[in-house]
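Notes for the structure review
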Amino acid sequence: QSVLTQPPSVSAAPGQKVTISCSGSSSNIGNYYVSWYQQLPGTAPKLLIYDNNKRPSGIPDRFSGSKSGTSATLGVTGLQAGDEADYYCGTWDSSLSVGVFGGGTKLTVL
Amino acid sequence: QVHLVQSGAEVKEPGASVKVSCRTSGYTFTTYAIHWVRQAPGQSFEWLAWINTGNGNTKYSQKLQGRVTVARDTSAKTVYMELISLRSEDTAVYYCSREVGESGQFDYWGQGTLVTVSS
């Protein structure tokens, strides 16, 4: 059971937009920055968003992040076949004193 | 260019120990903390430990406290994670990752090391 809650799956057609939610509490998302990762099968995670809404160099602006209260959202526009992957949110939890992650969301491009 | 390169896959028997290395390059080693995270088959990520590569301070998951140790070799720009008293539930891919900013955010990851615990 993951500390952060994500939907197990989302799907949309090529070119469309999709959002992935990440729900937590005041001990994690409510007081810390949120990051988002993309994981392709058999590979290490790749940072997409950090500090809630910043993109590392090389990440296209099709990917965006936002945070409100104890929830965060990843948005992906202009969906491409190559976006099919598992997506995870992460942050720190002050009550548990550990890094915490969501359970992951599988994005399917129809 | 930043790289984190981990040691190869390991197969261990229950009760044994494993030591995974994470060799870094492309940046000033002591400037960024290194975290260890693992991913069991088909599961999400579990945070394990953190080391301040500047002063060597560490922090561990309470769940693994006493079984995991992280250390660094500044001259080799390498971080090590040792897990003892291995159990079948420790079977996972272990990743080292470089922290960016704060709040446990990771901008670069090693390629992962599969540790299989089986008799």
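The coordinates are above.
Here the residue numbering is sequential within each chain, running from 1 through the sequence in written order. All chains are assigned letters beginning at A, and all ligands numbers beginning at 1, according to the order in which they are written. Where local features are concerned, this predicted model is filtered to residues with pLDDT of at least 70; where side-chain atom pairs are given and counted, the filter is 80 or more; whole-chain, interface and lining totals use all residues. With hydrogens and water set aside, each side-chain value is computed from the structure's full complement of heavy atoms.

Quick notes on the overall build of chain A
Using the following cut-off: In this text, helices come from DSSP runs of H or I with a minimum length of four residues, and strands from runs of E with a minimum of two, each type numbered from the N-terminal end. Radius of gyration: C-alpha atoms only; globule rule: 2.2 Å multiplied by the number of residues to the exponent 0.38. Under the scheme applied here, a residue whose accessible area is under 20% of the maximum for its type counts as buried, over 50% as exposed, and between as partly exposed, the area being computed with a 1.4 Å probe on protein chains only. In this description, contact between two residues means that some pair of their heavy atoms is separated by no more than 4.5 Å. Computed with the Shrake-Rupley method and a 1.4 Å probe, the accessible areas treat only the protein chains shown as cover for residues. Residues scored as charged are limited to Lys and Arg (positive) and Asp and Glu (negative), so that His and the chain ends carry no count. Charge coordinates come from a single atom per side chain, which is NZ of Lys, CZ of Arg, CG of Asp or CD of Glu.
Broken down by element type, chain A carries zero helices and nine strands. Radius of gyration (C-alpha) of chain A: 13 Å, near the 13 Å computed for a compact globule of 110 residues. Principal axes of the C-alpha set define a box for chain A whose edges measure 40 × 25 × 25 Å. Buried positions account for 45% of the 110 residues belonging to chain A. Of the contacts formed within chain A by residues at least 6 apart in sequence, a portion of 58% connects residues at least 24 apart. By element, 46% of the accessible surface of chain A is carried by carbon and sulfur atoms, the whole surface being about 5,000 Å². Positive and negative side-chain charges in chain A, numbering 7 and 6 respectively, have mean positions lying 5 Å apart.

Points about the packing of aromatic side chains
Rule in force here: Aromatic rings from Phe, Tyr and Trp, taking only the six-membered ring of Trp, are treated as a pair when their centres fall within 6.5 Å; an angle between ring planes under 30 degrees marks them as stacked, one over 60 as edge-to-face, and anything in between as tilted. Two conditions define a charge located above a ring, namely a distance within 6 Å from the ring centre to NZ of Lys or CZ of Arg, and an angle within 35 degrees of the ring normal.
The final tally for this structure, using the stated rule, is 12 aromatic pairs over all chains. Between Phe101 of chain A and Phe106 of chain B the ring centres are 6.4 Å apart and the planes differ by 35 degrees, which places this aromatic pair in the tilted class. With Phe101 of chain A in strand β8 (residues 98-101) and Phe106 of chain B in strand β10 (residues 106-109), the pair connects residues from two separate chains. Comparing Phe101 of chain A with Phe106 of chain B, the two get one shared label, buried. Among the aromatic residues, ring-to-ring pairing joins Tyr37, Tyr88 and Phe101 of chain A together with Phe45, Tyr95, Phe106 and Trp109 of chain B into one connected group. Arg98 of chain B extends its terminal NZ or CZ atom over the ring of Tyr32 of chain B, reaching a point 3.7 Å from the ring centre.

Topic: the sheet that holds strand β8 (residues 78-83) of chain B
Residue and element names in this part refer to chain B. Filter applied, for reference: Note on pairing: two strands pair once DSSP finds at least 2 bridges between them. Angular values range over 0 to 180 degrees, each being the angle between N-to-C directions of two axes fitted as lines to C-alpha atoms, with helices fitted over their stretch in contact.
One open sheet holds the four strands; their spatial order is β1-β3-β8-β7, and the pairing between them is antiparallel. A single partner strand is all that each edge strand has here, and the edge strands are β1 (3-6) and β7 (68-73). Direction aside, neighbouring strands of the sheet carry axes that sit 20 degrees apart on average. As judged from the four bridges shared by β1 and strand β3 (residues 18-25), these two strands associate in the antiparallel manner. Residue pairing for β3: Leu4 is matched across the bridge by Thr24.

Observations concerning the interface of chain B and chain A
The cut-off we apply is this: What gets called buried area is simply the loss in accessible area from a 1.4 Å probe that two parts show on being joined, summed for both. Here, a salt bridge means any Lys or Arg side-chain nitrogen found within 4 Å of an Asp or Glu carboxyl oxygen. A 3.5 Å cut-off defines polar contacts: any pair of N or O atoms within that distance qualifies, except that in protein one atom must be a possible hydrogen donor and the other a possible acceptor, and neighbouring residues in sequence count only when both atoms are side-chain atoms.
Taken together, the contacts link 19 residues of chain B with 23 residues of chain A. In this assembly, chain B packs against chain A so that about 1,600 Å² is buried in total across both faces, 62% of it on carbon and sulfur atoms. Counting across the interface, chain B meets chain A through zero salt bridges. Inspection of the region where chain B meets chain A yields 10 residue pairs in polar contact (both at pLDDT 80 or more).

Focus: the environment of Phe101 of chain A
Given a relative accessible area of 4%, Phe101 of chain A falls into the buried group. Residues Phe101 of chain A and Cys89 of chain A, spaced 12 residues apart in sequence, show a C-alpha to C-alpha distance of 5.6 Å. With residues near it in sequence (within four places) discarded, Phe101 of chain A still touches Ser2, Val3, Leu4, Tyr37, Cys89 and Gly90 of chain A together with Val37, Ser44, Phe45, Trp47 and Phe106 of chain B.

Focus: the sheet that holds strand β5 (residues 63-68) of chain A
Residue and element names in this part refer to chain A. The strand order across the open sheet formed by three strands is β2-β6-β5, and the pairing between neighbours is antiparallel. Looking at the sheet topology across the chains shown, the edges are occupied by β2 (18-23) and β5. Strand-to-strand twist in this sheet, taken as the mean axis angle between neighbours without regard to direction, amounts to 20 degrees. Pairing of β5 with strand β6 (residues 71-76) involves six bridges; the strand directions are antiparallel. Pairing of Gly65 across the sheet is with Leu74, part of β6.

What to know about the pairing of β3 of chain B
For a regular strand, side chains alternate in direction, first toward one face of the sheet and then toward the other. All names here are of chain B. A one-sided burial pattern is seen for β3, the buried positions being Val18, Val20, Cys22 and Thr24 and the unburied ones Lys19, Ser21, Arg23 and Ser25. Bridge count between β3 and β8: six bridges; the pairing is antiparallel. Bridge pairing in β8 places Ser21 opposite Tyr80.

Observations regarding the pattern of salt bridges
Going through the model one piece at a time under the given rule, you end up with eight salt bridges over all chains. A salt bridge links Asp51 of chain A to Lys54 of chain A, with the shortest nitrogen-to-oxygen separation between them at 3.3 Å. With a relative accessible area of 41%, Lys54 of chain A lands in the partly exposed category. Lys12 of chain B is the salt-bridge partner of Glu10 of chain B, the closest N and O atoms lying 3.9 Å from each other.

Keep in mind these numbers describe shape, not what the thing actually does.
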